[in-house]
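The primary structure of each chain is shown beneath.
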Amino acid sequence: SMKPKSTIVIFGATGDLAKRKLFPSIYKLYQKQKISEEFAVVGVARRPHTHESFRNYVKETIEEATKQELIDETFISHFYYHPFDVTNTDSYQQLKSLLEQLEEQYNIPGNRIFYLAMAPEFFGTISANLKAEGLTATNGWTRLVIEKPFGHNLQTAQKLNEEIRQAFSEKQIFRIDHYLGKEMVQNIEVIRFANAIFEPLWNNRFIANIQITSSETLGVEDRGRYYDHSGALRDMVQNHMLQMVALLAMEPPIKLTTDDIRSEKVKVLRALRPISHDEVDQYFVRGQYGRGFIRGKEVVGYREENNVDPNSNTETFVAGKLMIDNFRWAGVPFYIRTGKRMTEKSTKIVVQFKDVPMNLYYPTGETIHPNLLVIHIQPDEGITLHLNAKKSGESMKTTPIKLDYCNNCIDGINTPEAYEKLLYDCMRGDATNFTHWDEVASSWSFVDPISEVWENTKAVDFPNYEAGSMGPKAADQLLEKDGFHWWPIS
Ligand code: BG6
């Protein structure tokens, strides 16, 4: 059959990502018969486990995630465990024998996915050892999947990239940005390039501005140690937000191939107007949440969270104005905002079109609302087009109306989770929805001056937004200066 046959080796198999996303995704692919019986999963971690106890653990995590009892014993029998020490070469040799044995047993033609679902400090060592100990030399293909953070800035990202490139070529490296696996993020390109009515308007002659909001209600939870050294700029903007900007702004690719799409995205990132140190305040706003209420429940401020410095200068909110200095977008601001402990969990894109040349309805006191195209990424998935129409019965009065398409309202349609799609893409060797090194590098180049300024200047007003709000006032002023405002996200 054409179903992918491979062994998935998960480093960090006892961690949070494997538990919440990877195991359930593999299970769904199996259930949907996208993978056949010719697969194996090897969990690798420091913790001692037998194959048996690991299988029980996997079973429990899948049952927890799917809220169903897992009856499929055959599925679970494909899981194996290898207790592991990152730096011990014997450990790699044992892993190698296990992989060879499983490939024989399941008739897998030497195809291996090495998925690093763990802290990035070991990415370099693991890749180097995989190569040195011969685990990457097979008759099939080998691929490396890595999670963010991909470096802390351009320099550290470069170093990390050089390390993994010693063992894997760019084509073998699959850098995860899970936003690229979201159904409606993938839909951006289709909405743009498969419709005659949008693309002709998709430029600075007809678009006034584009707004991207990705808000969360969660705080830092148990990730304080990581987050306090990262902040929202690195955690969300450098990757997810800039990826959405690239998809919204890119030129139509020549073809829908991985290389063609990626090279158009890179051009957008390279066209981002660089922000120098002394311009940061003009273009970007940072925020940190204080105490407040989320759905009626009182929550603590960021500085009171576990593993967070009580005087922390880390931002949990970012709003920014991005300019893309190319022919299509000159003069059109792209506003982005993202933060933790905001009013609701929502990711939305609003494309605001320019006003009609004159308002014929003005004498009757009617406001003409600008046309908006809203792309709902999550939790609801769909698009809404805001238009003006005649108020029925009343001559020459206008009223705003909405054309709605809901992608997940149809009963029974349960759009697959991002990780499920990305894992499947990786098995099939489709890297389109993974980030190329050039994209990572340009994103860091853009973000670095901003984080440098923020690290070196204490935010005296922190905390500057209440948990449960839409962020600091300055984020609203950022748009008001330009004569715009944030469109409500609900
Ligand atoms: C992750 C960030 O990449 O994305 C998290 O590290 C954030 O801090 C998450 O919560 C948001 O993803 P989603 O899919 O819930 O919007």
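Residues numbered from 1 in each chain as written. Predicted model: local features only at pLDDT ≥ 70, side-chain atom pairs only at ≥ 80, totals over all residues. Heavy atoms only, no water.

The protein chain has the name Glucose-6-phosphate 1-dehydrogenase in an unreviewed UniProt entry, where Thermolongibacillus altinsuensis is given as its organism. Under the heading Pathway (unreviewed entry), UniProt records this for the protein chain: "Carbohydrate degradation; pentose phosphate pathway; D-ribulose 5-phosphate from D-glucose 6-phosphate (oxidative stage): step 1/3." The UniProt entry for the protein chain carries this comment under Function (unreviewed entry): "Catalyzes the oxidation of glucose 6-phosphate to 6-phosphogluconolactone." (UniProt positions renumbered as here; feature names shortened; annotations may be inferred.)

Enquirer: So, the overall build of the protein chain: which residues are in play, and what are the values?
Expert: Helix and strand counts for the protein chain come out as 14 helices and 17 strands. The C-alpha atoms of the protein chain give a radius of gyration of 24 Å, which matches the 23 Å a tight globule of 490 residues would have. Judged by the C-alpha coordinates and their principal axes, the protein chain covers about 80 × 50 × 45 Å. Looking at the protein chain as a whole, 55% of its 490 residues are labelled buried. A sequence separation of at least 24 residues applies to 76% of the contacts in the protein chain between residues at least 6 apart. Taking the average location of the 56 positive side-chain charges in the protein chain and that of its 65 negative ones, the two points are 3 Å from each other. (Helix = DSSP H or I, 4+ residues; strand = E, 2+ residues; numbered from the N terminus. Rg over C-alpha atoms; globule rule 2.2 N^0.38 Å. Buried < 20%, exposed > 50% of the residue type's maximum accessible area, 1.4 Å probe, protein only. Contact = heavy atoms within 4.5 Å. Lys, Arg positive; Asp, Glu negative; His and termini not counted. Charge placed at Lys NZ, Arg CZ, Asp CG, Glu CD.)

Enquirer: Can you break down the nonpolar core residue by residue, with the values?
Expert: Judged by nonpolar contacts, the single largest core of 105 residues is most densely connected at Phe11, Phe284, Phe334 and Ile349. Of the residues forming this core, the biggest block, 12 residues, is contributed by helix H9 (residues 232-249). Excluding residues that lie within four positions of it along the chain, Phe334 makes contacts with Ile210, Val245, Leu248, Ala249, Gly320, Lys321, Leu322, Ile324 and Trp329. Counting residues in each nonpolar core, the second largest holds 38 residues, with Leu29, Ile176, Ala431 and Phe434 among its members. (Core = buried A, V, L, I, M, F, W, Y, C linked by side-chain atoms within 4.5 Å.)

Enquirer: Any details on the site of the ligand? Residues and values, ideally.
Expert: Near the ligand, the surroundings consist of Lys148, His178, Tyr179, Lys182, Glu216, Arg223, Asp235, Met236, His240, Lys340, Lys345 and Gln378. Within the side chain of Lys148, a nitrogen or oxygen atom sits 2.6 Å from an oxygen atom of the ligand. Between Lys340 and the ligand, the recorded distance is 2.8 Å, taken from a side-chain N or O atom to an oxygen atom. Burial of the ligand by the protein amounts to 81% of the accessible area it has alone, namely 400 Å². (Near = heavy atom within 4 Å. Polar contact = N/O pair within 3.5 Å; in protein donor to acceptor, adjacent residues only side chain to side chain. Areas by Shrake-Rupley, 256 points an atom, 1.4 Å probe, with all protein chains shown as cover.)

Enquirer: If you had to explain the packing of aromatic side chains to someone new, which residues and values would you point to?
Expert: The geometry of two aromatic rings is summed up by the distance between their centres and the angle between their planes. Counting across every chain of the model gives 29 aromatic pairs. Measuring from centroid to centroid gives 6.4 Å for Tyr289 and Tyr465, while their planes differ by 70 degrees, and the two rings are edge-to-face. Linking Tyr289 in strand E9 (residues 289-294) with Tyr465 in strand E17 (residues 465-467), this pair joins segments that are 176 residues apart in sequence. Each member of the pair, Tyr289 as well as Tyr465, carries the same accessibility label: buried. Taking the centre distance of 6.2 Å and the plane angle of 65 degrees together, the rings of Tyr335 and Trp486 count as edge-to-face. On the criterion of sequence distance, the pair formed by Tyr335 in strand E12 (residues 333-339) and Trp486 in the segment after helix H14 (473-480) is long-range, its members being 151 residues apart. Given a relative accessible area of 0%, Tyr335 falls into the buried group. With relative accessibility at 9%, the residue Trp486 sits in the buried group. (Phe/Tyr/Trp six-rings, centres within 6.5 Å; stacked < 30°, edge-to-face > 60°.)

Enquirer: I'd like a rundown of the sheet that holds E9, residues and numbers included.
Expert: Spatially, E10-E9-E17 is the arrangement adopted by the three strands of the open sheet, whose pairing is mixed. In the strand order of this sheet, the two ends are held by strand E10 (297-299) and E17, each with one partner. Strand-to-strand, the axes of this sheet are offset by a mean angle of 25 degrees, without reference to chain direction. Pairing of E9 with E17, which is carried by three bridges, proceeds in the parallel orientation. When the bridges of E17 are listed, Gly290 appears paired with Glu466. (Pairing = 2+ DSSP bridges. Axes fitted to C-alpha atoms, helices over the stretch in contact; angles between N-to-C directions.)

Enquirer: Provide a residue-level description of the UniProt feature "domain: Glucose-6-phosphate dehydrogenase NAD-binding" (unreviewed entry) in the protein chain, including the pertinent values.
Expert: As annotated by UniProt and renumbered to match this structure, "domain: Glucose-6-phosphate dehydrogenase NAD-binding" (unreviewed entry) occupies residues 9-187. Split by type, residues 9-187 is 45% helix and 16% strand. Its first and last C-alpha atoms lie 30 Å apart.

Enquirer: Give me the lowdown on the packing of helix H10 (residues 258-271) against helix H13 (residues 437-456), citing residues and values where you can.
Expert: Interhelical geometry of H10 versus H13 gives an angle of 10 degrees and a closest axis separation of 9 Å. In terms of orientation, H10 lies roughly parallel with respect to H13. Facing Arg262, Lys265, Val266, Leu269 and Arg270 of H10, the residues of H13 in contact are Asp438, Glu439, Ser442 and Ser443. (Parallel < 35°, antiparallel > 145°, perpendicular 65-115°, else oblique.)

Enquirer: Quick rundown of the UniProt feature "active site" (unreviewed entry) in the protein chain? Include the residues and the values.
Expert: With numbering aligned to this structure, UniProt lists the feature "active site" (unreviewed entry) at His240. Mapped onto the elements of the fold, His240 is located in helix H9. Leaving out residues up to four positions away in the same chain, His240 has contacts with Lys148, Asp177, His178, Tyr179 and Asp235.

Enquirer: Before we move on, can you summarise the packing of helix H5 (residues 123-132) against helix H6 (residues 154-165) with the specific residues and values?
Expert: H6 packs onto H5 with a crossing angle of 15 degrees between their chain directions and a minimal axis gap of 8 Å. Between H5 and H6, the crossing angle belongs to the class labelled roughly parallel. Crossing hand, H5 versus H6: left-handed. Listed contacts from H6 to Phe123, Gly124 and Ser127 of H5 are Leu160, Glu163 and Ile164. Residue composition of the contact of H5 with H6, grouped by class: three nonpolar, two polar and one charged. (Left-handed = near helix turned anticlockwise from the far one by under 90°. Nonpolar A, V, L, I, M, F, W, Y, C, P; charged D, E, K, R; others polar.)

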